[in-house]
Amino acid sequence: MSTLTTDQVLHDCRDAYAATLVELAATDPRIVAVVNDSVGSSKLSEFSSRFPDRLINVGIAEQDMVGVAAGLANGGKIPFVSAASCFLTARALEQIKVDAAYSNHNLNLCGMSPGMAYGELGPTHHSIEDLAWLRAIPNLTVIVPSDPAETGQAVRWAAGHPGPVFIRVSRMGVAAVNAENYRFVAGQAVRLREGTDLTIIANGTVVAAAMEAAGLLSRLDIEARVLSMPTVKPLDVNAVVAAARDTGAIVTVEEALTTGGLGGAVAETVVQHHPVPVRFVGVPGVFAPTGSARWLLDHFGISPTGIVDAAHRALRR
């Protein structure tokens, strides 16, 4: 079991992404970055200055960006595609399917500022559908890190993985939730808190909220297990089934649509292996409105109190 750290400073996971990519590139000449006029928003300025011949900027042409990266991968490079998740996944979905996944290249797709991080820019910039779209594509590993340490480790893992990978890289400030000795393992959940009454399964920016909700529930004599699920695909089926069997109810929490992403993956697993009540916290199948990221999370109940409410609904069933 991992243990929540005492570090409550909020971090931008893009910093960990960019720093890790520079470290990898310094020792491996195969590492290249492919961007769509997103050097600044991906925090790749240092990478660009240190390795100018290994950063390819295709301009605002996301389909070309993935196609170019696939060609580089086919030529023996290890490309990291870095772009706003809303544009990377929506505009280039066919290229992700065919050029990356069907071709089964070592091609790493890094979706920047996902979820509702671009809050005030509205529905065109919200990336809440990405997990549902990408989870349906064969061969593609889908990772949603919860903090900087997990982000950096996921990037390192992806560089050595032979197939295509999508990593959601948050810009919204997050606390460090993993122990100092934590090691990311693809397809493996992290048990952050023990509990026997129900399980909260979360990933990405909302893991800290899940932990806070578990604390609130404990004051009501409800002990919640908390699982961080950084890999949406492949899902840690054993951890989900154990949670269903041991605690009898599950709440999933994600900064995404409640259909098709983490909630969908968990529900599919539960219904096949050990049916129990499941409640979803996320965006409920609607376009998210315009507003600050924090306001949007509160609006949809993606908050400690919203998670507590969902837990009560799961337990009442």
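Reading guide: rules and limits
Residues numbered from 1 in each chain as written. Predicted model: local features only at pLDDT ≥ 70, side-chain atom pairs only at ≥ 80, totals over all residues. Heavy atoms only, no water. Helix = DSSP H or I, 4+ residues; strand = E, 2+ residues; numbered from the N terminus. Rg over C-alpha atoms; globule rule 2.2 N^0.38 Å. Buried < 20%, exposed > 50% of the residue type's maximum accessible area, 1.4 Å probe, protein only. Contact = heavy atoms within 4.5 Å. Areas by Shrake-Rupley, 256 points an atom, 1.4 Å probe, with all protein chains shown as cover. Lys, Arg positive; Asp, Glu negative; His and termini not counted. Charge placed at Lys NZ, Arg CZ, Asp CG, Glu CD. Disulfide = S-S within 2.5 Å. Expected span 1.5 Å × (residues − 1). Core = buried A, V, L, I, M, F, W, Y, C linked by side-chain atoms within 4.5 Å. Salt bridge = Lys/Arg side-chain N within 4 Å of Asp/Glu carboxyl O.

Caption draft 1: Looking closely at the overall build of the protein. Along the backbone of the protein there are 12 helices and 12 strands. Over its C-alpha atoms the protein spans a radius of gyration of 19 Å, differing by no more than 12% from the 20 Å that the globule rule assigns to 317 residues. Overall size of the protein, expressed as C-alpha extent along the three principal axes, is 60 × 35 × 35 Å. When the 317 residues of the protein are sorted by exposure, 61% land in the buried category. Taking contacts inside the protein between residues at least 6 apart in sequence as the whole, the part at least 24 apart equals 78%. Accessible surface, the protein as shown: approximately 12,300 Å² in total, 52% of it carbon and sulfur. Averaged over its 24 positive side-chain charges, the protein has a centre that lies 3 Å from the centre of its 30 negative ones.

Caption draft 2: Highlighting unusual backbone geometry. In this model, Lys233 is joined to Pro234 through a cis peptide bond whose omega is 0°. For Pro234, the location among the structural elements is in the loop between β10 (231–233) and α9 (237–247). The backbone of Ser113 sits at a positive phi, close to 50°, despite the residue not being glycine. Along the chain, Ser113 falls in the loop between β4 (108–112) and α6 (130–135). A positive phi angle, close to 65°, is found at Asp221, a residue other than glycine. You can see Asp221 is positioned in the loop between α8 (207–218) and β9 (224–228). Among the residues examined, Asp221 registers a relative accessible area of 69% and is labelled exposed.

Caption draft 3: Highlighting the state of the cysteines. Using the criterion set out here, one finds zero disulfides in the structure. Looking at Cys86, it has no disulfide partner, and the nearest cysteine sulfur is the one in Cys110, 15 Å off. Owing to a relative accessible area of 7%, Cys86 belongs among the buried residues under this scheme. No disulfide involves Cys110; its sulfur sits 12 Å from that of Cys13, the nearest cysteine.

Caption draft 4: Seen up close, helix α10 (residues 262–273). Taking 1.5 Å of rise per residue, 12 residues should cover 16 Å, and α10 covers 17 Å from first to last C-alpha, within 8% of that figure. Among the residues of α10, Leu262, Gly263, Gly264, Ala265, Val266, Thr269 and Val270 are the ones counted as buried. Taken together, the buried residues of α10 touch α6, β8 (198–202), β10, α9, β11 (250–257) and β12 (278–283).

Caption draft 5: Representation of the nonpolar core in the model. In this structure, Leu44, Phe47 and Phe80 are the most contacted members of the largest nonpolar core, which totals 67 residues. Those residues in contact with Leu44 that sit more than four places away from it in its chain are Tyr17, Ala18, Leu21, Ala33, Val35, Val39, Leu55 and Ser82. Of all hydrophobic cores here, the second largest spans 23 residues; its members include Val34, Ala70, Leu131 and Leu140.

Caption draft 6: Representation of the pattern of salt bridges. In total, this model carries 12 salt bridges according to the counting rule given. Note that Arg225 is salt-bridged to Asp246, the shortest N-O span being 3.1 Å. With Arg225 in strand β9 and Asp246 in helix α9, this pair connects stretches of sequence that are 21 residues apart. Accessibility expressed as a relative area gives 42% for Asp246, which makes it partly exposed. Where salt bridges share partners, they join Asp12, Arg14, Asp15 and Lys43 into one cluster.

Caption draft 7: The arrangement of helix α3 (residues 62–74) in detail. Along its 13 residues, α3 runs 18 Å from first to last C-alpha, staying within 8% of the 18 Å computed at 1.5 Å per residue. Against the buried residues of α3 lie β1 (31–35), β3 (78–84), α4 (85–91), α5 (93–102) and β4. Gly76 occupies a position one or two residues after α3 and carries a positive phi of about 100°.

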